[in-house]
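Residue strings, one per chain:
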Amino acid sequence: MALVAGIDSSTQSCKVVIRDADTGALVGQGRAAHPDGTEVHPDAWWDALQQAITQAGGLADVSAISVGGQQHGMVCLDSNGHVVRPALLWNDTRSAKAAVDIILDAGNGDPAAGARQWVATTGTVPVASLTLTKLRWLAENEPENAARVAAVCLPHDWLSWRLAGFGPGTGEAGLAALRTDRSDASGTGYYSASTGEYLADALREALGHLPVLPAVVGPLDIAGKTPEGALIGPGAGDNAAAALGVGAGVGDVVLSLGTSGTVFAVSSTPAADASGLVAGFADATGHYLPLACTLNATRVFDATAALLDVSLDDFNELALAAPAGAGGLTLVPYFDGERTPNLPGATGSLHGITRANYTPANLARAAVEGVVCSLADGLAALQAQAVDARRLILIGGGAQSPAVQQAASQLLGLPAVVPAPGEYVADGAARQAAAVLAGAFPDWGIGGVELPAQPSDGIVLARYRSHARTHMA
Ligand SMILES: Nc1ncnc2c1ncn2[C@@H]1O[C@H](COP(=O)(O)OP(=O)(O)O)[C@@H](O)[C@H]1O
Ligand SMILES: O=C(CO)[C@@H](O)[C@H](O)COP(=O)(O)O
């Protein structure tokens, strides 16, 4: 019985699963928290990974391992393999102006022309989340650190590199061993999912020089070996790994509710959305992963539960106790700024308050409906890009919320399935590791609870959209 390990190094925590490579049967699992904040030193990810691996039973009997990671994080290494500064994460918005400048430069001052140019070359309109904008911010705000950057990689790349025995002090030869995959490279802003090429000129213009970049390996390639001899797979961005974990096929749209809210599908054709709502990423099998991502998902639930001084379970009970529409209370959840729509400086807002509807239950319900409505807009953006959406697959910590499940049925207009509680990013990474061993992706099958779409009069979503539009004025 060959064992494989899958890792999900995400915003809030690191999850590790160890599974039977043939059947997918779970053998062990572990979890460890990451520090809060929108910039984190990668050593914290490494420490959490070691704790989660120990909890899962260790890697001694594992034949292959793959890493799924939060996308876009800017990991800068000096010529000796040391981390130059804490990594700016996907949800850090300090590079918002850099993103605007990158677009204006491409359009000779015309933002619409610039957006079209970036979509034509990479499939994605630069926003603060993308690594390229963070590197331009670094060059403009920390020139001494920028000058020390010998290599740039992503969170999953760096963890794979460390698992292969590299790290501080390994020098130039170590940097040459950096590897990434097409799905995560497509989130940097300097890689084209369609051509499979890095945009060296764009990167040089942003950072001021061209650093070493990880070689992009194929979906079943070996990216390295651990000192113990386990094969290291190419890894993937967390959403592409999740698509592997749930076995998403044509007609499926995955809704992931974690720190980020993401709506994505596996597509045979690249997205090219000049509005910027849909990113034209790549998936982890050689196809594409059109994706809309919000900055505000489960942390809105956490913040509302804290405000009400209740547990997450009680928060969900309150939300379920309120009627659909929360008595007219509408929350626009832009608590940390927002990425989709691209409003990095936005704040949240609460609308429709009356003495009658201003209750804990309605506030909890409004928080759930606000997040689900923001994902409904992401779904609509994917459908506007001709994505075939016939079934939703709900994953992420927030998908375990019965209130989220109910709101999704009422607001999204499609049948949904909620797979059994699990870590589908880590499972997808484990499935990739099994594929590296076997040469093809095993069919591990997934069960789940079916949620039929409930008829809706559309009033709740229409009311949300009218209030959300006030943020765009
Ligand atoms: N039953 C639940 N109801 C609502 N939110 C939940 C529930 N279980 C977990 N969460 C939330 O999900 C988040 C963790 O989900 P996860 O997908 O691991 O996040 P990330 O991938 O961003 O690290 C936390 O914010 C947590 O509060
Ligand atoms: O930025 C994106 C996708 O473009 C996010 O999906 C990150 O990849 C973080 O994911 P989670 O920590 O929320 O899982």
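Residues numbered from 1 in each chain as written. Chains lettered and ligands numbered in written order. Predicted model: local features only at pLDDT ≥ 70, side-chain atom pairs only at ≥ 80, totals over all residues. Heavy atoms only, no water.

(A) Representation of helix H13 (residues 360–384) in the model. Across its 25 residues, H13 extends 36 Å between first and last C-alpha, which sits within 8% of the 36 Å expected from 1.5 Å per residue. One or two positions beyond H13, positive phi appears at Ala-386, with a value near 65 degrees. (Helix = DSSP H or I, 4+ residues; strand = E, 2+ residues; numbered from the N terminus. Expected span 1.5 Å × (residues − 1).)

(B) Looking closely at the packing of helix H2 (residues 96–106) against helix H4 (residues 131–141). Two numbers describe how H2 lies on H4: the axes approach to 8 Å, and their chain directions differ by 105 degrees. Of the possible angle classes, the one that applies to H2 and H4 is roughly perpendicular. In this structure, H2 contributes Ala-98, Ala-99, Asp-101, Ile-102 and Asp-105 to the contact, and H4 contributes Leu-132, Thr-133, Arg-136 and Trp-137. (Axes fitted to C-alpha atoms, helices over the stretch in contact; angles between N-to-C directions. Parallel < 35°, antiparallel > 145°, perpendicular 65-115°, else oblique. Contact = heavy atoms within 4.5 Å.)

(C) Broad picture of a nonpolar patch on the surface. Taken together, the side chains of Leu-350, Ile-353 and Tyr-358 present a nonpolar region at the surface, about 290 Å² in accessible area. Here Leu-350 is to be found in strand S19 (residues 349–351). (Patch = residues over 30% accessible without salt bridge, like charges linked within 9 Å, V, L, I, M, F, W, Y side chains within 5 Å. Areas by Shrake-Rupley, 256 points an atom, 1.4 Å probe, with all protein chains shown as cover. Salt bridge = Lys/Arg side-chain N within 4 Å of Asp/Glu carboxyl O.)

(D) Up close: the sheet that holds strand S14 (residues 251–257). Taken in spatial order, the seven strands of this open sheet run S16-S17-S15-S14-S20-S21-S22, and their pairing is mixed. In the strand order of this sheet, the two ends are held by strand S16 (279–282) and strand S22 (449–451), each with one partner. Strand-to-strand, the axes of this sheet are offset by a mean angle of 25 degrees, without reference to chain direction. Looking at chain direction, S14 and strand S15 (residues 261–264) are connected through four bridges and run antiparallel. Across the sheet, the residue bridging to Leu-257 is Gly-261, located in S15. (Pairing = 2+ DSSP bridges.)

(E) Inspection of the nonpolar core at higher detail. Judged by nonpolar contacts, the single largest core of 60 residues is most densely connected at Ile-7, Val-16, Trp-45, Leu-49, Leu-77, Trp-158 and Leu-163. Top contributing element to this core by residue count: helix H1 (residues 42–56), with seven residues. Leu-49 has contacts with Ile-7, Cys-14, Val-16, Leu-159 and Leu-163, leaving out every residue within four places of it along the chain. Ala-319, Val-387, Leu-412 and Leu-451 belong to the second largest nonpolar core, which has 52 residues in total. (Core = buried A, V, L, I, M, F, W, Y, C linked by side-chain atoms within 4.5 Å. Buried < 20%, exposed > 50% of the residue type's maximum accessible area, 1.4 Å probe, protein only.)

(F) Molecular detail of the site of ligand 1. Of all residues adjacent to ligand 1, which total 18 residues, the nearest are Ser-10, Lys-15, Thr-259, Thr-298 and Asp-302. With respect to the pocket detection grid, ligand 1 is positioned in the largest pocket. Contributing elements (two or more residues each) for the shell around ligand 1: strand S2 (13–20), helix H11 (298–308) and helix H12 (312–321). Broken down by element, the shell around ligand 1 gets its largest block of residues, three residues, from H11. (Near = heavy atom within 4 Å. 1 Å grid on protein atoms, 1.4 Å probe; cavity = no way out; pocket = protein on both sides within 12 Å on 5 of 7 lines; lining within 4 Å. Sits in = over half its atoms within 2 Å of the grid points.)

(G) Structural view of the packing of aromatic side chains. On inspection of all chains with the given rule, the structure shows four aromatic pairs. Seen from their ring centres, Tyr-190 and Tyr-198 are 6.1 Å apart, and the 35 degrees between their planes marks the pair as tilted. You can call Tyr-190 buried: its relative accessible area is 2%. On the basis of relative accessible area, Tyr-198 is assigned to the partly exposed category, the value being 25%. With a centroid separation of 5.5 Å and an interplanar angle of 70 degrees, the aromatic rings of Tyr-191 and Tyr-198 are classed as edge-to-face. Using a relative accessible area of 2% as the deciding quantity, one classes Tyr-191 as buried. Grouped by ring-pair contacts, the aromatic residues Tyr-190, Tyr-191 and Tyr-198 constitute a single cluster. Seen from the ring of Trp-137, Arg-94 lies directly overhead, with NZ or CZ sitting 5.1 Å from the centre. (Phe/Tyr/Trp six-rings, centres within 6.5 Å; stacked < 30°, edge-to-face > 60°. Lys NZ or Arg CZ within 6 Å of the ring centre and 35° of its normal.)

(H) Examining the site of ligand 2 more closely. Inspection of the region around ligand 2 gives 15 residues, with Thr-11, His-72, Asp-238, Ser-260 and Arg-339 positioned closest. In this structure, Gln-71 approaches ligand 2 through a main-chain N or O atom, which is 2.9 Å from an oxygen atom. In this structure, Asp-238 approaches ligand 2 through a side-chain N or O atom, which is 2.7 Å from an oxygen atom. When ligand 2 sits alone it has 370 Å² of accessible area, and the protein chains cover 95% of it. The site holding ligand 2 turns out to be the largest pocket. Secondary structure elements with two or more residues in the shell around ligand 2: helix H10 (238–246) and strand S17 (288–294). (Polar contact = N/O pair within 3.5 Å; in protein donor to acceptor, adjacent residues only side chain to side chain.)

(I) Spotlight on the pairing of strand S20 (residues 389–395). Burial within S20 is extensive, with five of its seven residues counted as buried. Here S14 pairs with S20 via six bridges, running parallel. Bridge assignment links Asp-252 to a residue of S20, and that residue is Arg-391. Looking at chain direction, S20 and strand S21 (residues 416–418) are connected through two bridges and run parallel. Looking at the pairing, Ile-393 lines up with Val-417 of S21.

(J) Representation of the pattern of salt bridges in the model. Summed over all chains, the structure comprises 18 salt bridges. Here Arg-19 ties to Asp-427 by a salt bridge, and the two come within 2.9 Å at their closest N and O atoms. Linking Arg-19 in strand S2 with Asp-427 in helix H15 (residues 424–438), this pair joins segments that are 408 residues apart in sequence. Each member of the pair, Arg-19 as well as Asp-427, carries the same accessibility label: buried. The partner of Asp-36 in a salt bridge is Arg-299, and the shortest N-O contact between them spans 3.1 Å. Remark: Arg-299 occurs in helix H11 and Asp-36 occurs in the loop between strand S3 (26–33) and strand S4 (39–40); sequence separation between them is 263 residues.

(K) Representation of the packing of H11 against H13 in the model. The geometry of H11 relative to H13 is characterised by a closest axis approach of 10 Å and an angle of 170 degrees between their N-to-C directions. Accordingly, the angle class assigned to the pair H11 and H13 is roughly antiparallel. Contacts between H11 and H13 involve Val-300, Phe-301, Thr-304, Leu-307 and Leu-308 from the first element and Pro-360, Leu-363, Ala-364, Ala-367, Val-368 and Val-371 from the second. Looking at side-chain class alone, the contact of H11 with H13 contains 10 nonpolar, one polar and no charged residues. (Nonpolar A, V, L, I, M, F, W, Y, C, P; charged D, E, K, R; others polar.)

(L) Molecular detail of the side chain of Asp-273. Structurally, Asp-273 can be placed in the loop between S15 and S16. For the buried Asp-273, no salt bridge is present, and the opposite-charge side chain at shortest range is Arg-116, 11 Å distant. A polar contact of 2.6 Å, which involves the side chain of Asp-273, links it to the side chain of Ser-275. Apart from residues lying up to four places away in sequence, Asp-273 is in contact with Val-119, Val-125, Val-278 and Gln-385. (Lys, Arg positive; Asp, Glu negative; His and termini not counted.)

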